[in-house]
Structure formats: C-alpha cells, structure tokens
Amino acid sequence: MNAPLLQARDLVKRFPVRHGLTRRLAGQVRAVDGVSVRVDAGETLGLVGESGCGKSTVARLLTRLIEPTSGTVSVSGRELTTLDGRLMRPVRRDLQMIFQDPYSSLNPRHTVRQILTAPYRYQGLTPDEPVEELLERVGLRPEHAARYPHEFSGGQAQRIGIARALALRPRLVVCDEPVSALDVSVQAQILNLLKDLQQEYGLAYVFIAHDLGAVRQISTRVAVMYLGTVVETADRDTLYGRAAHPYTHALLSAVPLPDPDAERARERIVLRGDLPSPLAPPSGCPFRTRCPRAADRCAAERPLLRTIASGHEVACHYPEGRT
Amino acid sequence: MTLLTVRDLTVDFAGGVRAVDGLDLDLAAGAVLGVVGESGSGKSVTSLAVMGLLPDARVTGEVRFDGRRLTGLDGRSLRRLRGDRIAMIFQDPLSCLNPYYPVGFQIAEAYRAHRRAGRREGHRVAVRMLDRVGIPEPERRARAYPHEFSGGMRQRVMIAMALCLEPDLLIADEPTTALDVTVQAQILELLRELREMSGTAVMLITHDMGVVAGLADEVVVMYGGRAVERGPVREVFYRPRDTYTKGLLACVPRVDGPLPDRLPTLSAREVTA
C-alpha cells in the first residue's frame, strides 16, 4: 500500500503561559493534545470544531508553520518534523495554505502579479504558467494582475489567495476557515471553485471550518475536534447521518436550519455551560463537563479513539446508538 | 396593533452613499420581524436610523413608534425612549460593556437612569435580571467585570441590560454572529423564552437564514438598501417570489437534506467588479 499523502501522528502542541515581570511559567495551554489524521491524494478532510478547539493550530502544525511539542507529520512517507529550512523548501511546493482573512494574508504593497509570482521566486523557479492564466482559473480577469489587494472585494481577494496557493501545483492545500469571512452568496462561489479546482488538479484539501454546512458541502471525510483532541471521525455521510459522539450530535442539532417548520419542530440538544479552559482541561473525557450522557467512568478514564465501524472512529465510552 | 412603522426611510452618507433607499417596515407589538441580507444591504443602518443613532447621515422618511413620530424628535426625548422602551443588543458584547465597571453596576445604571431608583434597588434588579438570563450565581457574578465572562455570558449580560426596563421593542443586530454554534443555540433558546414571557417585540437583524427561520414571524429580505421581499416567515421560505431571496435560500450549505454537487450561486456580480 502506498503511503498516505499526509499523515500526522500524535501531534501535541503546548503553549507556555507566562505571568509577571519575571515571565515565570504559570501554566501551559494544551492547544493540541494528541491528534492523528491522514489525508489521501485527491480527498478532502474536513476538520470542524468551535473556537479554541485547536483546529487552526493543527493547520499550522501540518504545514509546519509552527513546531509541534511532540508528534510527527509526514508527506508521501517523508518525515517533515526533522527537516531543516533548506530541506523543507521543496516540500512546500506540495503543501500550500489558504487563510481566513483574504486581506491580511496578501501584502498590500504588492500587485497581484507580484503576489502570484512570489511562490516561484522563493522556490527559484520560473513560472510555467502566465499570471493571467492563473487568474482566469480562479475566476478573475487577466487585467487584475496590475491591481493591488485593496481594489478587490473579499471574495475576489480570497480568489487571489487561492491562486497563490495553486501557483506551484501543490498536491495538498490546507484551508483554514477560507469562507468564514465571506457573505453566503460569495461563500457558495468559493466552495464551488475549490471543488472545481480539486477535480482539475487532483488536489487534496484539509478544510478547516466551524461551519458544519460548508464542511459537509466540500468534505469526503470529517474529523470533529473538541478541546485539542479529535472526538470523532467518519466519512461525510456517516458523520452527518449517524454521528456517534454526543458532542457531534449537539453540534449538528445546534445549527439553525433555514426551514421554519423543521427548525421549530426539531429536538435540540442544548449544551450547558461553556468550553472548559484548555489551561486546566477536565480529567478523563474532555467533553464530560457538558455532556448529557456523562457517567462516573468519563471522569476517571479518558476515552481513546476506537473504530466502531469501517472508517468510523469515536472517542467516547458511551457512543450514541451503541449502548 | 402596530408598534413600529417605517415609511420611505432613506439614509444618505457623505460622499453620496445611499445605504437605505425608500424602505417600509411594519412590526406588530409582541411580534418578531427578521431583517435579513448580506453585508452592505443596509440592515444595520436601518436599525441605527430607527434609534436615531446616525448623527452624521441624512435621514429622510418617517419612523413611528407606538403612534409617536421618532424622526425629528429632539435628543432629550429620544434618550428617554432609548433603553426604556426601545432597547438594542449588538454583535460584539465586549465593545458595548465598560471594562472598568462590574456588570451588575452597568445593568443597574440603565435602570436607575430611567427609573430614578437608588443603588440598592438597582443592584437588586441587576441580580434578578442576571438570574433570568441564566447566569449561575447571579449575586456573585453581578460584581464581576466584563473580562471575567465568556462571549456567550457577555451576550447574556447585554440581554439582561436590554430587558431590565421591560422595553416594548428589542432591536437585536446580529446577536449570535460572534458566538460558537452551541453557544448560539443557548442564546436563541433564551431569546425564545424571554419573548414568550415578556411579550417584547423583536427586530432581529441577521445574515443567517436559519436564525430567522427559527425565531421570526415576519421577514424582510434586504438588498442594496431596499426590501426585495417581505411576508410571513413560511411564505418567504417556502414560496419565495424574488430571485434574490430564492438564491439566498438556495446557496446556504446545509447540514440536512440532499447534498448538491455544486451550490447554486446568485450571479456573477461578485466576480465582475
């Protein structure tokens, strides 16, 4: 069997929290606490969760924008975490990223042409495709090459970010909340564009978002994160149709449906309280403080991800529909 | 009975930007009116114009509240209405709260300004309101500062502040947009309960069709400063007539129902600029 395109094992990232004049160490935020994911060529892994669950930190770890505290990331079987900057550079051709805020991720003093040729410059390559063609591929016009980022709308600016990510013909693009800053009509266009480009170039995506609708639209598999860990992972239809983790259930039932009768008739699981602090996560299962099914065992013993059906893993002692 | 009537409301900003263009609205006492639209549709400007909070814009047309004309009313009379009979909550509760004062004091401040009540009574009202919006240990939390609250709890504080004078109208401008989906569900549940208990009419401004579907009785869809469609919520959602409304409903990626391979899009307006 071929090595997966991307494989992350037991990723952990802790950020120190310092206080006072002496910058004494006051604690550690466990932003990512043992995450393993794999992405195969041409597929889209959706990574979904609420603020503070660690999904953006995972994005930065996968692309090695930050170093993990422990754990490994490999691309096509090649271990990245040990590579130095010089050896990392060619790997970046295969591994690109799209960010949430299209304006802050584009240099305001550079024209679109400069932005889109920068990846080639850093790689010491000559562009194999004129900037104009690249622009047309993402739905912009050739004459846009001479303009500056502020002359574009949010959706157009995101298209520029996508074009930059595609310039080097990567195999994997990590998209961190690429549509959350956009209006729904623009969001639909960008999601369609990402799907078209995936087919055209055989791209794989890691699509990170808090919007469960957008994740469903684009993903082939989905991983749900809570407080730095993956609590459930399954193929898209299983996750949206037969979720097993109580948190996934609560998340899905919390999304308001644009359908008055269905929205008013549905049974809603409203979670109590707020997300616990990642400075002092609960003992045992991280979700137990808000879980409607929590029992004594959940406080004592942390549930590990286990396979409950083919391709369906869940980290829960008492998964739904299986007790 | 109609509580709020807006007729031919037009808002012009310096530089020739017309944010609202001849808008009519009607809101019955105790009802929820959903005002939906995308960025730049004029929905927030409309709410500010109703409250008389646009000193630098040219506002024409008429706003009537409970039979009284608000447009052209002097500052003193408007201030007496604001907070007391018309209250407002915004998207970002942190920027609406004063970081230097405990939240209980800030809730009491609004109450005392309108009711000429003393410190002790103000505090009592604040604690009662915090309890009503579901904040645990209200007596203790009333003495806490805004930074000690989570986003969802801060929005609860804002709701407590808005409702402490039992207003006839609550204007909620994207009240759950900054919140996580599970916390959003809590706040929507709270708004639903409060509305049933208090009979406050709500003007709910949002871009989220799902939020409107769950809460509104009537809906107005705005685009480019105009109302492109209006009607009872089921009419607008199940039998939309306007092409923009149809597009807006169709392009939302959903967590239920059939999954389209491509999402329908509204137009090429976004790419041709």
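Scroll up to find the structure.
The rules behind the values
- Residues numbered from 1 in each chain as written.
- Chains lettered and ligands numbered in written order.
- Predicted model: local features only at pLDDT ≥ 70, side-chain atom pairs only at ≥ 80, totals over all residues.
- Heavy atoms only, no water.
- Pairing = 2+ DSSP bridges.
- Helix = DSSP H or I, 4+ residues; strand = E, 2+ residues; numbered from the N terminus.
- Phe/Tyr/Trp six-rings, centres within 6.5 Å; stacked < 30°, edge-to-face > 60°.
- Buried < 20%, exposed > 50% of the residue type's maximum accessible area, 1.4 Å probe, protein only.
- Lys NZ or Arg CZ within 6 Å of the ring centre and 35° of its normal.
- Salt bridge = Lys/Arg side-chain N within 4 Å of Asp/Glu carboxyl O.
- Core = buried A, V, L, I, M, F, W, Y, C linked by side-chain atoms within 4.5 Å.
- Contact = heavy atoms within 4.5 Å.
- Disulfide = S-S within 2.5 Å.

### Some thoughts on the pairing of strand E4 (residues 70-75) of chain A
All names here are of chain A.
Moving on, step 1. Bridge count for strand E1 (residues 6-19) against E4 is five bridges, and the pairing is antiparallel. When the bridges of E4 are listed, Leu6 appears paired with Val75.
Moving on, step 2. Where E4 meets strand E5 (residues 78-79), two bridges bridge the pair, whose relative direction is antiparallel. Looking at E5, one finds that Val75 is bridged to Arg78.
Moving on, step 3. The turn linking E4 back onto E5 is made up of two residues, and Ser76 within it adopts a positive phi angle of 50°.

### Details of the packing of aromatic side chains
Residues and elements named next belong to chain A.
Moving on, step 1. The final tally for this structure, using the stated rule, is five aromatic pairs over all chains.
Moving on, step 2. Consider the rings of Tyr226 and Phe287, whose centres lie 5.1 Å apart with planes at 85°: the pair is edge-to-face. Residue Tyr226 is located in strand E9 (residues 221-226), and its partner Phe287 is located in the loop between helix H10 (260-265) and helix H11 (296-300); the two are separated by 61 residues in the primary sequence.
Moving on, step 3. Judged by relative accessible area, Tyr226 falls into the buried class, the value being 1%.
Moving on, step 4. The buried category is assigned to Phe287, whose relative accessible area is 1%.
Moving on, step 5. One aromatic cluster is present, built from ring pairs that chain together Tyr226, Tyr247 and Phe287.
Moving on, step 6. The residue whose ring lies beneath Arg216 is Tyr240, and the NZ or CZ to ring-centre distance is 5.9 Å.

### Quick notes on the pattern of salt bridges
Close approach of charged atoms lets side chains of opposite charge pair.
Moving on, step 1. Tallied over the full model, the rule gives 37 salt bridges over all chains.
Moving on, step 2. The residue A:Arg268 makes a salt bridge to A:Glu263 at a minimum N-O spacing of 2.7 Å.
Moving on, step 3. On the accessibility criterion, A:Glu263 (3% relative accessible area) is buried.
Moving on, step 4. By sharing partners, the salt bridges in this structure join B:Asp12, B:Arg18, B:Asp21, B:Arg58 and B:Arg226 into a single network.

### So, the nonpolar core
Moving on, step 1. Counting residues in each nonpolar core, the largest one holds 123 residues, and the members touching the most others are A:Leu116, A:Ile162, A:Phe207, A:Leu212, B:Ile159 and B:Val219.
Moving on, step 2. Those residues in contact with B:Ile159, other than ones at most four positions away along the chain, are B:Ile89, B:Val133, B:Ile187, B:Leu190, B:Leu191 and B:Leu194.
Moving on, step 3. Within the second largest apolar cluster, 32 residues are counted, among which are B:Ala19, B:Val20, B:Leu23 and B:Leu70.

### Overview of the state of the cysteines
Every disulfide links exactly two cysteines, by a covalent bond between their sulfur atoms.
Moving on, step 1. Inspection of every chain in the model, using the stated rule, returns zero disulfides over all chains.
Moving on, step 2. With no disulfide of its own, A:Cys298 lies closest to A:Cys285 among cysteine sulfurs, the gap being 5.9 Å.
Moving on, step 3. The structure places no disulfide on B:Cys96, whose sulfur is separated from the nearest cysteine sulfur, that of B:Cys164, by 15 Å.

### Concerning the environment of A:Arg137
Residue and element names in this part refer to chain A.
Moving on, step 1. Among the secondary structure elements, Arg137 is positioned in helix H4 (residues 131-137).
Moving on, step 2. The sequence separation of Arg137 and Leu193 amounts to 56 residues, and the corresponding C-alpha distance is 9.1 Å.
Moving on, step 3. Apart from the residues lying within four places of it in its own chain, the contact partners of Arg137 are Glu129, Arg169, Leu193, Leu197, Glu200 and Tyr201.

It is worth stressing that arrangement in space is one thing and function is another; only the former is reported here.
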